[in-house]
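Architecture and fold: a report
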Amino acid sequence: MQLLASYLSGSWSAGSGSKATLLNPSTEAALAEVHTGGHDFAAAFAHARGAGGTELGQLTFAQRGALLASLAKAIHGAREELLALAIANGGNTRGDAKFDIDGGALTLSYYAELGARLGNTHVIGDGEPIQVGRTARMGGQHMWSRRRGVAVHINAFNFPGWGLCEKLAATLLAGMPVIAKPATATALVTHRMVELFAPLLPAGALQLLVGPAGALLDHLGPGDVVAFTGGSATARTLRTHPAIVAHAVRLNIEADSLNAAILGPDVELSSEVGGLFLADVVRDMTQKTGQKCTAIRRVLVPGDRMADVADALRERLARIHVGDPSQDGVTMGPLATAQQRDDVRAGIARLAEATEAIHGGTGEVDQARGFFVGPVVRATASPMTCAPLNEHEIFGPVTTLGAYPGDAAFAAAFVARGEGCLVSSAYSDDRDWVGTFVAGAAPWAGRLYLGSSKMAAQSPGPGTALPSLLHGGPGRAGGGEELGGARGLQLYMQRTALEGDASVLKSLLGE
Ligand code: NAP
(Lines give C-alpha, C1' and ligand atoms only; values in the text may rest on other atoms or scores of the structure.)
Protein backbone atom coordinates (compact mmCIF):
# COMPACT_ATOMS: atom_id res chain seq x y z
CA MET A 1 0.00 0.00 0.00
CA GLN A 2 1.18 3.54 -0.72
CA LEU A 3 2.80 5.28 2.24
CA LEU A 4 2.25 9.01 1.81
CA ALA A 5 5.23 11.21 2.54
CA SER A 6 5.32 14.85 3.60
CA TYR A 7 7.42 17.38 1.70
CA LEU A 8 9.32 19.29 4.36
CA SER A 9 12.69 21.09 4.35
CA GLY A 10 13.23 20.27 0.68
CA SER A 11 12.75 16.51 0.76
CA TRP A 12 10.04 13.87 0.97
CA SER A 13 9.91 12.06 4.30
CA ALA A 14 7.36 9.54 5.56
CA GLY A 15 7.65 10.45 9.24
CA SER A 16 7.34 7.79 11.92
CA GLY A 17 5.10 6.42 14.65
CA SER A 18 1.57 5.12 14.39
CA LYS A 19 -0.26 5.20 11.06
CA ALA A 20 -3.64 6.47 9.82
CA THR A 21 -5.29 4.78 6.83
CA LEU A 22 -6.92 6.64 3.93
CA LEU A 23 -9.98 4.82 2.55
CA ASN A 24 -12.17 4.72 -0.52
CA PRO A 25 -15.44 5.88 1.11
CA SER A 26 -17.54 3.93 -1.43
CA THR A 27 -15.94 0.55 -0.76
CA GLU A 28 -14.08 1.13 2.52
CA ALA A 29 -10.99 -0.33 0.81
CA ALA A 30 -7.68 0.99 2.14
CA LEU A 31 -5.89 3.25 -0.37
CA ALA A 32 -2.87 4.61 1.46
CA GLU A 33 -1.32 5.08 4.87
CA VAL A 34 0.33 8.02 6.58
CA HIS A 35 2.49 8.23 9.68
CA THR A 36 1.03 10.48 12.35
CA GLY A 37 4.29 12.06 13.51
CA GLY A 38 8.06 12.14 13.29
CA HIS A 39 8.64 15.43 11.46
CA ASP A 40 11.07 18.23 12.25
CA PHE A 41 8.76 21.25 12.16
CA ALA A 42 11.41 23.67 13.45
CA ALA A 43 13.52 22.87 10.38
CA ALA A 44 10.50 23.23 8.07
CA PHE A 45 9.70 26.71 9.41
CA ALA A 46 13.35 27.72 9.13
CA HIS A 47 13.43 26.47 5.52
CA ALA A 48 10.31 28.50 4.70
CA ARG A 49 11.55 31.67 6.43
CA GLY A 50 15.00 31.32 4.91
CA ALA A 51 15.00 29.92 1.38
CA GLY A 52 11.27 30.28 0.66
CA GLY A 53 10.75 33.82 1.86
CA THR A 54 14.01 35.07 0.39
CA GLU A 55 13.47 33.60 -3.07
CA LEU A 56 9.82 34.62 -3.32
CA GLY A 57 10.68 38.08 -2.06
CA GLN A 58 13.08 38.65 -4.92
CA LEU A 59 10.37 37.96 -7.48
CA THR A 60 7.94 40.61 -8.71
CA PHE A 61 4.18 40.10 -8.81
CA ALA A 62 4.43 39.33 -12.53
CA GLN A 63 7.09 36.66 -11.94
CA ARG A 64 5.09 35.07 -9.12
CA GLY A 65 2.03 35.17 -11.38
CA ALA A 66 4.01 33.23 -13.99
CA LEU A 67 4.74 30.57 -11.35
CA LEU A 68 1.02 30.26 -10.63
CA ALA A 69 0.33 29.85 -14.35
CA SER A 70 2.81 26.96 -14.42
CA LEU A 71 0.98 25.29 -11.51
CA ALA A 72 -2.35 25.57 -13.35
CA LYS A 73 -0.72 24.02 -16.40
CA ALA A 74 0.60 21.14 -14.28
CA ILE A 75 -2.95 20.42 -13.10
CA HIS A 76 -4.20 20.37 -16.69
CA GLY A 77 -1.40 17.95 -17.61
CA ALA A 78 -2.33 15.49 -14.84
CA ARG A 79 -6.08 16.14 -14.88
CA GLU A 80 -7.29 12.56 -15.47
CA GLU A 81 -5.01 11.18 -12.77
CA LEU A 82 -6.21 13.82 -10.28
CA LEU A 83 -9.87 13.19 -11.13
CA ALA A 84 -9.37 9.47 -10.54
CA LEU A 85 -7.82 10.16 -7.12
CA ALA A 86 -10.74 12.44 -6.16
CA ILE A 87 -13.24 9.75 -7.19
CA ALA A 88 -11.42 7.03 -5.25
CA ASN A 89 -10.42 8.92 -2.08
CA GLY A 90 -13.19 11.54 -1.90
CA GLY A 91 -16.19 9.53 -3.09
CA ASN A 92 -16.63 12.19 -5.77
CA THR A 93 -18.63 11.71 -8.94
CA ARG A 94 -16.65 12.75 -12.00
CA GLY A 95 -18.57 16.05 -11.96
CA ASP A 96 -17.73 16.61 -8.28
CA ALA A 97 -14.09 15.83 -8.98
CA LYS A 98 -13.99 18.33 -11.86
CA PHE A 99 -15.50 20.97 -9.58
CA ASP A 100 -12.59 20.47 -7.16
CA ILE A 101 -9.70 19.96 -9.61
CA ASP A 102 -10.72 22.35 -12.39
CA GLY A 103 -11.80 24.90 -9.77
CA GLY A 104 -8.26 24.76 -8.37
CA ALA A 105 -6.67 25.32 -11.79
CA LEU A 106 -9.09 28.15 -12.57
CA THR A 107 -8.27 29.93 -9.31
CA LEU A 108 -4.52 29.62 -9.95
CA SER A 109 -5.02 31.01 -13.48
CA TYR A 110 -7.08 33.92 -12.17
CA TYR A 111 -4.32 34.90 -9.73
CA ALA A 112 -1.68 34.35 -12.42
CA GLU A 113 -3.44 37.02 -14.50
CA LEU A 114 -3.72 39.30 -11.50
CA GLY A 115 0.06 38.96 -11.05
CA ALA A 116 0.63 39.95 -14.66
CA ARG A 117 -1.59 43.01 -14.15
CA LEU A 118 0.23 44.04 -10.95
CA GLY A 119 3.41 43.90 -13.01
CA ASN A 120 7.09 44.15 -12.15
CA THR A 121 6.65 45.62 -8.69
CA HIS A 122 6.93 44.39 -5.08
CA VAL A 123 4.44 46.64 -3.30
CA ILE A 124 0.85 47.71 -3.90
CA GLY A 125 -0.47 51.21 -3.29
CA ASP A 126 -3.68 51.43 -1.29
CA GLY A 127 -5.83 54.39 -2.24
CA GLU A 128 -4.80 57.80 -3.51
CA PRO A 129 -2.03 60.05 -2.10
CA ILE A 130 -3.32 62.19 0.75
CA GLN A 131 -2.20 65.71 1.67
CA VAL A 132 -1.46 65.59 5.40
CA GLY A 133 0.67 68.75 5.77
CA ARG A 134 -0.02 72.44 5.33
CA THR A 135 1.02 72.17 1.68
CA ALA A 136 0.98 69.39 -0.94
CA ARG A 137 4.66 68.66 -0.19
CA MET A 138 3.80 66.74 2.99
CA GLY A 139 1.91 63.67 1.88
CA GLY A 140 0.49 60.39 3.08
CA GLN A 141 0.06 57.11 1.24
CA HIS A 142 -1.00 53.62 2.29
CA MET A 143 1.01 50.71 0.94
CA TRP A 144 0.87 46.88 1.09
CA SER A 145 4.12 44.90 1.32
CA ARG A 146 4.98 41.22 1.70
CA ARG A 147 4.79 39.79 5.24
CA ARG A 148 8.10 38.21 6.28
CA GLY A 149 6.66 35.08 7.84
CA VAL A 150 5.27 31.67 6.96
CA ALA A 151 1.68 30.96 5.91
CA VAL A 152 0.28 27.74 7.35
CA HIS A 153 -2.75 26.48 5.42
CA ILE A 154 -5.01 23.96 7.15
CA ASN A 155 -7.72 22.60 4.88
CA ALA A 156 -10.94 20.60 5.24
CA PHE A 157 -11.59 17.17 3.74
CA ASN A 158 -14.13 18.26 1.15
CA PHE A 159 -11.96 20.21 -1.33
CA PRO A 160 -8.45 18.72 -1.33
CA GLY A 161 -7.70 20.26 -4.76
CA TRP A 162 -9.44 23.62 -4.78
CA GLY A 163 -8.70 24.17 -1.07
CA LEU A 164 -4.96 23.83 -1.66
CA CYS A 165 -5.00 26.03 -4.78
CA GLU A 166 -7.26 28.86 -3.59
CA LYS A 167 -5.11 29.49 -0.51
CA LEU A 168 -1.84 28.91 -2.36
CA ALA A 169 -2.66 31.28 -5.22
CA ALA A 170 -3.14 34.39 -3.08
CA THR A 171 -0.27 33.53 -0.74
CA LEU A 172 2.41 32.86 -3.34
CA LEU A 173 1.34 35.91 -5.32
CA ALA A 174 1.68 38.00 -2.16
CA GLY A 175 5.18 36.53 -1.74
CA MET A 176 4.82 34.34 1.36
CA PRO A 177 6.06 30.75 1.65
CA VAL A 178 3.48 28.10 2.53
CA ILE A 179 3.25 25.00 4.68
CA ALA A 180 0.05 23.24 3.55
CA LYS A 181 -1.79 20.70 5.68
CA PRO A 182 -4.73 18.91 4.05
CA ALA A 183 -7.29 16.89 6.03
CA THR A 184 -5.80 13.46 6.52
CA ALA A 185 -8.77 11.40 5.29
CA THR A 186 -8.77 12.79 1.71
CA ALA A 187 -5.14 13.87 1.34
CA LEU A 188 -4.37 11.93 -1.87
CA VAL A 189 -5.32 14.74 -4.29
CA THR A 190 -3.38 17.39 -2.36
CA HIS A 191 -0.39 15.07 -2.07
CA ARG A 192 -0.29 14.47 -5.83
CA MET A 193 -0.71 18.18 -6.56
CA VAL A 194 2.24 19.05 -4.34
CA GLU A 195 4.32 16.38 -6.11
CA LEU A 196 3.51 18.22 -9.34
CA PHE A 197 3.96 21.74 -7.95
CA ALA A 198 7.14 21.43 -5.86
CA PRO A 199 9.62 21.12 -8.77
CA LEU A 200 8.09 24.23 -10.38
CA LEU A 201 8.55 26.50 -7.36
CA PRO A 202 11.55 28.08 -5.64
CA ALA A 203 13.00 26.06 -2.75
CA GLY A 204 11.00 26.50 0.45
CA ALA A 205 8.04 28.19 -1.25
CA LEU A 206 5.70 25.22 -0.72
CA GLN A 207 5.93 22.48 1.89
CA LEU A 208 3.38 19.78 2.69
CA LEU A 209 2.44 18.02 5.89
CA VAL A 210 0.25 14.95 5.46
CA GLY A 211 -1.19 13.49 8.66
CA PRO A 212 -2.23 15.25 11.87
CA ALA A 213 -0.92 18.73 12.69
CA GLY A 214 0.75 17.58 15.91
CA ALA A 215 3.00 20.35 17.22
CA LEU A 216 3.14 22.21 13.88
CA LEU A 217 1.52 25.40 15.19
CA ASP A 218 3.85 25.58 18.22
CA HIS A 219 6.50 26.92 15.80
CA LEU A 220 4.50 29.96 14.69
CA GLY A 221 6.12 33.33 15.24
CA PRO A 222 5.77 37.05 14.46
CA GLY A 223 4.65 37.79 10.91
CA ASP A 224 3.14 34.32 10.34
CA VAL A 225 -0.37 33.65 9.09
CA VAL A 226 -2.70 30.69 9.63
CA ALA A 227 -5.54 30.15 7.17
CA PHE A 228 -7.92 27.47 8.40
CA THR A 229 -10.94 25.80 6.81
CA GLY A 230 -12.84 23.25 8.85
CA GLY A 231 -15.17 22.77 11.76
CA SER A 232 -16.00 25.34 14.43
CA ALA A 233 -14.73 23.10 17.25
CA THR A 234 -11.24 23.00 15.72
CA ALA A 235 -11.48 26.72 14.96
CA ARG A 236 -12.08 27.41 18.66
CA THR A 237 -8.90 25.58 19.66
CA LEU A 238 -6.90 27.55 17.08
CA ARG A 239 -8.19 30.92 18.31
CA THR A 240 -6.65 30.25 21.72
CA HIS A 241 -3.54 28.42 20.58
CA PRO A 242 -0.68 29.75 22.76
CA ALA A 243 1.65 30.53 19.81
CA ILE A 244 -1.13 32.31 17.88
CA VAL A 245 -2.02 34.36 20.95
CA ALA A 246 1.60 35.06 21.96
CA HIS A 247 2.71 36.34 18.56
CA ALA A 248 -0.56 37.93 17.36
CA VAL A 249 -0.42 35.53 14.42
CA ARG A 250 -3.01 36.43 11.80
CA LEU A 251 -5.70 33.75 11.81
CA ASN A 252 -8.29 33.44 9.05
CA ILE A 253 -11.14 31.04 9.73
CA GLU A 254 -13.65 29.52 7.32
CA ALA A 255 -15.96 27.38 9.47
CA ASP A 256 -19.57 26.19 9.62
CA SER A 257 -22.30 27.96 7.70
CA LEU A 258 -26.10 27.69 7.65
CA ASN A 259 -26.60 29.14 4.18
CA ALA A 260 -30.18 30.04 3.23
CA ALA A 261 -32.05 30.23 -0.08
CA ILE A 262 -35.20 32.33 -0.30
CA LEU A 263 -37.90 32.09 -2.94
CA GLY A 264 -39.37 35.56 -3.52
CA PRO A 265 -43.16 35.92 -3.45
CA ASP A 266 -43.22 37.15 -7.07
CA VAL A 267 -41.59 34.03 -8.55
CA GLU A 268 -43.66 31.31 -10.20
CA LEU A 269 -42.02 27.89 -9.93
CA SER A 270 -42.65 27.32 -13.65
CA SER A 271 -40.73 30.50 -14.57
CA GLU A 272 -37.03 30.70 -15.46
CA VAL A 273 -36.24 32.09 -12.00
CA GLY A 274 -38.32 29.36 -10.35
CA GLY A 275 -36.35 26.79 -12.35
CA LEU A 276 -33.07 28.40 -11.28
CA PHE A 277 -34.12 28.24 -7.62
CA LEU A 278 -35.04 24.53 -7.84
CA ALA A 279 -31.87 23.66 -9.79
CA ASP A 280 -29.69 25.50 -7.24
CA VAL A 281 -31.31 23.74 -4.26
CA VAL A 282 -30.97 20.28 -5.85
CA ARG A 283 -27.40 20.94 -7.03
CA ASP A 284 -26.34 22.10 -3.57
CA MET A 285 -27.92 19.08 -1.90
CA THR A 286 -26.30 16.56 -4.21
CA GLN A 287 -23.06 18.04 -5.58
CA LYS A 288 -20.22 16.64 -3.46
CA THR A 289 -23.01 14.85 -1.53
CA GLY A 290 -23.84 18.15 0.13
CA GLN A 291 -20.30 18.47 1.56
CA LYS A 292 -19.83 22.05 0.43
CA CYS A 293 -19.37 24.83 2.94
CA THR A 294 -21.49 27.00 0.61
CA ALA A 295 -24.36 24.50 0.19
CA ILE A 296 -27.97 25.57 0.81
CA ARG A 297 -29.05 24.15 4.20
CA ARG A 298 -32.21 26.23 4.82
CA VAL A 299 -34.85 27.10 2.22
CA LEU A 300 -37.53 29.73 2.78
CA VAL A 301 -40.69 29.40 0.68
CA PRO A 302 -43.91 31.50 0.68
CA GLY A 303 -46.44 29.47 2.71
CA ASP A 304 -48.85 29.00 -0.20
CA ARG A 305 -46.06 27.54 -2.37
CA MET A 306 -44.68 24.95 0.12
CA ALA A 307 -46.53 21.98 -1.37
CA ASP A 308 -45.47 22.86 -4.94
CA VAL A 309 -41.81 23.25 -3.96
CA ALA A 310 -41.91 19.97 -2.00
CA ASP A 311 -43.40 18.16 -5.03
CA ALA A 312 -40.84 19.64 -7.42
CA LEU A 313 -37.93 18.66 -5.17
CA ARG A 314 -39.31 15.12 -4.69
CA GLU A 315 -39.54 14.72 -8.44
CA ARG A 316 -35.98 15.96 -9.09
CA LEU A 317 -34.37 14.11 -6.18
CA ALA A 318 -36.05 10.84 -7.20
CA ARG A 319 -33.77 10.92 -10.25
CA ILE A 320 -30.59 11.01 -8.13
CA HIS A 321 -28.80 7.68 -8.19
CA VAL A 322 -26.69 7.14 -5.06
CA GLY A 323 -23.78 4.70 -5.19
CA ASP A 324 -20.12 4.13 -5.94
CA PRO A 325 -19.26 6.99 -8.33
CA SER A 326 -16.80 4.82 -10.24
CA GLN A 327 -19.88 2.96 -11.57
CA ASP A 328 -21.86 4.21 -14.59
CA GLY A 329 -25.08 6.07 -13.91
CA VAL A 330 -24.25 7.10 -10.33
CA THR A 331 -25.04 10.78 -9.73
CA MET A 332 -24.24 11.07 -6.02
CA GLY A 333 -21.45 9.39 -4.07
CA PRO A 334 -20.93 8.64 -0.37
CA LEU A 335 -19.87 10.98 2.40
CA ALA A 336 -16.11 11.24 2.77
CA THR A 337 -15.66 9.38 6.06
CA ALA A 338 -17.48 7.14 8.54
CA GLN A 339 -17.36 10.04 11.01
CA GLN A 340 -19.11 12.35 8.52
CA ARG A 341 -21.78 9.71 7.88
CA ASP A 342 -22.39 9.33 11.61
CA ASP A 343 -22.49 13.12 12.12
CA VAL A 344 -24.97 13.55 9.26
CA ARG A 345 -27.20 10.74 10.56
CA ALA A 346 -27.17 12.35 14.01
CA GLY A 347 -28.07 15.70 12.42
CA ILE A 348 -31.01 14.19 10.54
CA ALA A 349 -32.27 12.57 13.75
CA ARG A 350 -32.03 15.92 15.57
CA LEU A 351 -33.86 17.67 12.73
CA ALA A 352 -36.54 14.95 12.64
CA GLU A 353 -37.63 15.85 16.18
CA ALA A 354 -38.67 19.35 15.08
CA THR A 355 -39.62 19.00 11.38
CA GLU A 356 -41.76 16.84 9.09
CA ALA A 357 -40.53 14.44 6.40
CA ILE A 358 -40.76 15.50 2.75
CA HIS A 359 -38.27 13.24 0.97
CA GLY A 360 -35.67 10.59 1.71
CA GLY A 361 -36.69 9.48 5.23
CA THR A 362 -33.57 9.20 7.36
CA GLY A 363 -31.26 8.96 4.35
CA GLU A 364 -30.89 5.17 4.54
CA VAL A 365 -29.27 3.72 1.40
CA ASP A 366 -29.23 0.06 0.43
CA GLN A 367 -25.46 -0.45 0.16
CA ALA A 368 -23.52 -3.15 1.97
CA ARG A 369 -20.38 -1.02 2.28
CA GLY A 370 -19.45 2.63 2.13
CA PHE A 371 -20.45 5.81 3.95
CA PHE A 372 -23.70 6.49 2.11
CA VAL A 373 -26.54 8.81 3.06
CA GLY A 374 -29.30 9.59 0.54
CA PRO A 375 -30.79 13.06 -0.09
CA VAL A 376 -33.18 14.17 2.66
CA VAL A 377 -35.67 17.05 2.64
CA ARG A 378 -37.54 18.11 5.79
CA ALA A 379 -40.05 20.95 6.33
CA THR A 380 -41.25 23.23 9.09
CA ALA A 381 -44.07 25.75 9.42
CA SER A 382 -41.97 27.69 11.99
CA PRO A 383 -38.52 28.16 10.45
CA MET A 384 -37.54 31.07 12.70
CA THR A 385 -37.96 29.14 15.94
CA CYS A 386 -36.75 25.74 14.72
CA ALA A 387 -33.54 25.36 16.78
CA PRO A 388 -32.02 22.29 15.07
CA LEU A 389 -32.41 24.02 11.72
CA ASN A 390 -30.79 27.28 12.75
CA GLU A 391 -28.13 26.09 15.15
CA HIS A 392 -26.52 22.98 13.62
CA GLU A 393 -24.88 22.59 10.24
CA ILE A 394 -25.53 19.14 8.73
CA PHE A 395 -22.61 18.63 6.35
CA GLY A 396 -24.38 16.35 3.90
CA PRO A 397 -27.26 16.01 1.38
CA VAL A 398 -29.90 17.48 3.68
CA THR A 399 -32.03 20.58 3.41
CA THR A 400 -35.11 21.92 5.16
CA LEU A 401 -38.00 23.96 3.77
CA GLY A 402 -39.53 26.65 5.97
CA ALA A 403 -42.76 28.53 5.30
CA TYR A 404 -42.73 32.34 5.46
CA PRO A 405 -45.22 35.13 4.71
CA GLY A 406 -43.19 36.42 1.74
CA ASP A 407 -41.89 39.69 3.11
CA ALA A 408 -38.27 40.63 2.53
CA ALA A 409 -37.65 41.75 6.11
CA PHE A 410 -38.60 38.27 7.37
CA ALA A 411 -36.28 36.72 4.75
CA ALA A 412 -33.37 38.90 5.89
CA ALA A 413 -34.08 38.12 9.56
CA PHE A 414 -34.03 34.41 8.67
CA VAL A 415 -30.57 34.77 7.11
CA ALA A 416 -29.48 36.54 10.33
CA ARG A 417 -30.93 33.68 12.41
CA GLY A 418 -28.05 31.51 11.12
CA GLU A 419 -25.70 33.89 13.00
CA GLY A 420 -23.36 34.49 10.05
CA CYS A 421 -23.05 32.59 6.77
CA LEU A 422 -20.71 32.27 3.80
CA VAL A 423 -23.47 32.85 1.27
CA SER A 424 -27.23 33.13 1.04
CA SER A 425 -29.41 33.45 -2.03
CA ALA A 426 -32.67 35.17 -2.90
CA TYR A 427 -34.72 34.62 -6.07
CA SER A 428 -36.87 37.54 -7.17
CA ASP A 429 -37.42 40.00 -10.00
CA ASP A 430 -38.94 42.55 -7.62
CA ARG A 431 -36.21 45.18 -7.14
CA ASP A 432 -37.82 46.76 -4.08
CA TRP A 433 -38.08 43.35 -2.40
CA VAL A 434 -34.45 42.61 -3.26
CA GLY A 435 -33.31 46.02 -1.95
CA THR A 436 -35.00 45.45 1.43
CA PHE A 437 -33.60 41.90 1.60
CA VAL A 438 -30.02 42.96 0.83
CA ALA A 439 -30.08 45.81 3.35
CA GLY A 440 -31.14 43.45 6.13
CA ALA A 441 -29.18 40.30 5.17
CA ALA A 442 -25.81 41.75 4.06
CA PRO A 443 -24.35 42.20 7.58
CA TRP A 444 -24.84 38.46 8.15
CA ALA A 445 -23.41 37.10 4.91
CA GLY A 446 -20.04 37.06 3.15
CA ARG A 447 -21.77 36.84 -0.21
CA LEU A 448 -25.36 37.38 -1.38
CA TYR A 449 -26.46 35.70 -4.60
CA LEU A 450 -29.40 37.42 -6.26
CA GLY A 451 -31.19 35.06 -8.65
CA SER A 452 -33.30 36.80 -11.31
CA SER A 453 -34.52 36.29 -14.86
CA LYS A 454 -31.76 38.54 -16.30
CA MET A 455 -28.92 36.33 -15.00
CA ALA A 456 -30.58 32.90 -14.79
CA ALA A 457 -29.09 31.59 -18.04
CA GLN A 458 -25.48 32.24 -16.99
CA SER A 459 -25.58 31.54 -13.27
CA PRO A 460 -22.99 29.26 -11.61
CA GLY A 461 -25.28 28.98 -8.55
CA PRO A 462 -24.60 30.23 -5.01
CA GLY A 463 -22.52 27.15 -4.15
CA THR A 464 -19.63 28.13 -6.40
CA ALA A 465 -16.96 30.30 -4.76
CA LEU A 466 -15.41 32.52 -7.43
CA PRO A 467 -11.82 33.83 -7.23
CA SER A 468 -13.00 37.35 -8.06
CA LEU A 469 -15.50 37.50 -5.18
CA LEU A 470 -14.99 37.19 -1.43
CA HIS A 471 -15.24 33.76 0.19
CA GLY A 472 -15.81 33.86 3.92
CA GLY A 473 -18.49 35.06 6.27
CA PRO A 474 -19.14 36.63 9.67
CA GLY A 475 -20.06 34.95 12.96
CA ARG A 476 -20.66 31.21 12.74
CA ALA A 477 -18.84 31.13 9.38
CA GLY A 478 -15.64 32.10 11.18
CA GLY A 479 -15.27 35.81 10.37
CA GLY A 480 -12.69 35.15 7.65
CA GLU A 481 -12.18 36.46 4.14
CA GLU A 482 -10.40 34.72 1.27
CA LEU A 483 -10.24 35.37 -2.49
CA GLY A 484 -12.06 38.48 -3.74
CA GLY A 485 -9.39 39.26 -6.34
CA ALA A 486 -6.59 41.47 -5.01
CA ARG A 487 -8.35 41.58 -1.62
CA GLY A 488 -7.21 37.96 -1.17
CA LEU A 489 -3.57 39.09 -1.01
CA GLN A 490 -4.14 41.34 1.99
CA LEU A 491 -4.15 38.51 4.54
CA TYR A 492 -0.57 37.78 3.49
CA MET A 493 0.63 41.40 3.28
CA GLN A 494 1.12 44.24 5.73
CA ARG A 495 -0.57 47.62 5.20
CA THR A 496 1.66 50.51 6.20
CA ALA A 497 0.80 54.19 6.25
CA LEU A 498 3.73 56.21 4.86
CA GLU A 499 4.04 59.92 5.55
CA GLY A 500 6.69 62.22 4.17
CA ASP A 501 7.75 64.19 1.11
CA ALA A 502 4.97 63.55 -1.42
CA SER A 503 7.44 63.08 -4.28
CA VAL A 504 9.40 60.45 -2.29
CA LEU A 505 6.18 58.57 -1.55
CA LYS A 506 5.33 58.63 -5.23
CA SER A 507 8.70 57.20 -6.20
CA LEU A 508 8.47 54.44 -3.54
CA LEU A 509 5.33 53.18 -5.21
CA GLY A 510 7.05 53.21 -8.57
CA GLU A 511 4.87 55.95 -10.03
P1 NAP B 1 -11.90 19.60 11.09
O2 NAP B 1 -12.01 18.36 11.87
O3 NAP B 1 -12.00 20.90 11.78
O4 NAP B 1 -10.56 19.50 10.25
C5 NAP B 1 -10.16 20.53 9.39
C6 NAP B 1 -8.65 20.54 9.30
O7 NAP B 1 -8.12 20.88 10.57
C8 NAP B 1 -8.05 19.18 8.94
O9 NAP B 1 -6.94 19.39 8.12
C10 NAP B 1 -7.63 18.65 10.29
O11 NAP B 1 -6.59 17.70 10.21
C12 NAP B 1 -7.15 19.91 10.95
N13 NAP B 1 -7.09 19.87 12.40
C14 NAP B 1 -7.87 19.18 13.26
N15 NAP B 1 -7.51 19.44 14.52
C16 NAP B 1 -6.47 20.30 14.46
C17 NAP B 1 -5.66 20.94 15.44
N18 NAP B 1 -5.84 20.75 16.74
N19 NAP B 1 -4.68 21.77 15.02
C20 NAP B 1 -4.46 21.99 13.71
N21 NAP B 1 -5.20 21.40 12.75
C22 NAP B 1 -6.20 20.58 13.11
O23 NAP B 1 -12.97 19.68 9.96
P24 NAP B 1 -13.34 18.61 8.83
O25 NAP B 1 -13.53 17.25 9.44
O26 NAP B 1 -12.38 18.70 7.70
O27 NAP B 1 -14.71 19.19 8.42
C28 NAP B 1 -15.68 19.19 9.43
C29 NAP B 1 -16.51 20.42 9.35
O30 NAP B 1 -15.82 21.55 8.78
C31 NAP B 1 -17.67 20.24 8.45
O32 NAP B 1 -18.65 19.48 9.11
C33 NAP B 1 -18.05 21.67 8.19
O34 NAP B 1 -18.89 22.13 9.20
C35 NAP B 1 -16.79 22.45 8.24
N36 NAP B 1 -16.32 22.91 6.93
C37 NAP B 1 -16.35 24.24 6.63
C38 NAP B 1 -15.88 24.72 5.41
C39 NAP B 1 -15.85 26.20 5.05
O40 NAP B 1 -15.24 26.60 4.05
N41 NAP B 1 -16.46 27.06 5.82
C42 NAP B 1 -15.40 23.81 4.47
C43 NAP B 1 -15.37 22.47 4.81
C44 NAP B 1 -15.81 22.03 6.04
P45 NAP B 1 -6.86 16.13 10.27
O46 NAP B 1 -7.71 15.80 9.10
O47 NAP B 1 -5.49 15.57 10.18
O48 NAP B 1 -7.54 15.87 11.57
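For the structure itself, consult the block above.
This write-up is about the structure you can find in this document. (Residues numbered from 1 in each chain as written. Predicted model: local features only at pLDDT ≥ 70, side-chain atom pairs only at ≥ 80, totals over all residues. Heavy atoms only, no water.)

Quick notes on helix α13 (residues 408–417)
Stated precisely, the cut-off is as follows: Throughout, exposure labels follow a simple rule: accessible area from a 1.4 Å probe, protein chains only, divided by the maximum for the residue type, with under 20% read as buried, over 50% as exposed, and the rest as partly exposed. Put simply, DSSP marks the helices as runs of H or I at least four residues long and the strands as runs of E at least two long, and each gets a number from the N terminus on. Contacts are assigned to residue pairs that have any heavy atoms within 4.5 Å of one another.
Listed in full, the buried residues belonging to α13 are Ala408, Ala411, Ala412, Phe414, Val415 and Ala416. On the buried face of α13, the contacting elements are β13 (260–263), β14 (298–302), α12 (387–391), β17 (398–404), β18 (421–427) and α14 (431–441). Trailing α13 by a residue or two, Glu419 shows a phi angle of about 60°, which is positive.

Examining the sheet that holds strand β5 (residues 30–37)
Quick reminder of the rule: At least two DSSP bridges between two strands are needed for those strands to be called paired. All axes are obtained by fitting lines to C-alpha atoms, using only the stretch in contact for helices, and the reported angles, taken between N-to-C directions, cover 0 to 180 degrees.
Spatial ordering of the open sheet is given by β1-β5-β4, a layout of three strands whose pairing is mixed. Of all strands in the sheet, those bounded by a partner on one side alone are β1 (2–4) and β4 (16–23). Here the strands of the sheet are splayed against their neighbours by 35° on average, with no regard to which way each runs. Where β4 and β5 come together, six bridges link them in antiparallel fashion. Paired with Ala20 across the bridge in β5 is Val34.

Notes on the packing of aromatic side chains
Here is the rule: Centres within 6.5 Å make a pair out of two Phe, Tyr or Trp rings, where for Trp the six-membered ring is used; the pair is then stacked when the planes are under 30 degrees apart, edge-to-face when over 60, and tilted otherwise. Ring-over charges, as used throughout, are those where CZ of Arg or NZ of Lys falls within 6 Å of the ring centre and within 35 degrees of the ring normal.
One pass over the full model with this rule turns up nine aromatic pairs. Taken together, a centroid distance of 5.6 Å and an interplanar angle of 70° make the contact between Phe159 and Trp162 edge-to-face. In textbook terms, an aromatic cluster arises when at least three aromatic residues are bridged by ring pairs, as seen for Phe99, Phe159 and Trp162. We note Lys288 situated over the ring of Phe159; from NZ or CZ to the ring centre the distance is 4.7 Å. Against the face of Phe414 rests Arg298, its NZ or CZ located 4.3 Å from the ring centre.

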